[in-house]
Amino acid sequence: MSKSSLNKFTTVLGLAAGAANFLGSIGVINHTVAGTVNSFAIAMLGYLVQQPAADEQSQAPQPQPQK
């Protein structure tokens, strides 16, 4: 997944978690539903933030020149 797509997806998940938490706290949606949506979104965020973007190159250590 590209870095741009990864950023957009994590933003949407963060907004979903925040909205579910807020709506559940003011009683617009059931607390159980809010907790489930919030937990799922946070679990997905935890997974995605550990994934390297496809357009990012890994930083392998460079060999030191011999003298």
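Below is a short write-up of the structure. No experiment lies behind these values; they were computed from the predicted model shown. (Residues numbered from 1 in each chain as written. Predicted model: local features only at pLDDT ≥ 70, side-chain atom pairs only at ≥ 80, totals over all residues. Heavy atoms only, no water.)

1. A word on helix α1 (residues 3–25)
Here is step 1: Over its 23 residues, α1 extends 33 Å from the first C-alpha to the last, a length consistent with the 33 Å expected when each residue adds 1.5 Å.
Here is step 2: For α1, the full list of buried residues reads L6, T10, L13, A17, A20 and G24.
Here is step 3: Contacts from the buried residues of α1 go to α2 (31–48).
Here is step 4: Immediately downstream of α1, the backbone of G27 shows phi near 90°, a positive value. (Helix = DSSP H or I, 4+ residues; strand = E, 2+ residues; numbered from the N terminus. Expected span 1.5 Å × (residues − 1). Buried < 20%, exposed > 50% of the residue type's maximum accessible area, 1.4 Å probe, protein only. Contact = heavy atoms within 4.5 Å.)

2. Looking at α2
Here is step 1: In this model α2 runs 25 Å from its N-terminal to its C-terminal C-alpha over 18 residues, within 8% of the 26 Å that 1.5 Å per residue would give.
Here is step 2: Those residues of α2 that fall on the buried side of the exposure criterion are A34, N38, A41, L45 and L48. End-on view of α2: buried residues confined to an arc of 95°, all on one side of the axis. Exposed and oriented more than 90 degrees from the buried face of α2 are T32, T36 and F40.
Here is step 3: Residues of α2 that are buried sit in contact with α1.
Here is step 4: You can read the cap of α2 off the contacts: a side-chain oxygen lies 2.8 Å from the backbone nitrogen of T32, and it is on N30. (Arc of directions from axis to C-beta. Polar contact = N/O pair within 3.5 Å; in protein donor to acceptor, adjacent residues only side chain to side chain.)

3. Notes on the side chain of T10
Here is step 1: Structurally, T10 is set in helix α1.
Here is step 2: Discounting residues that sit within four places of it in the chain, T10 has contacts with L45 and L48.

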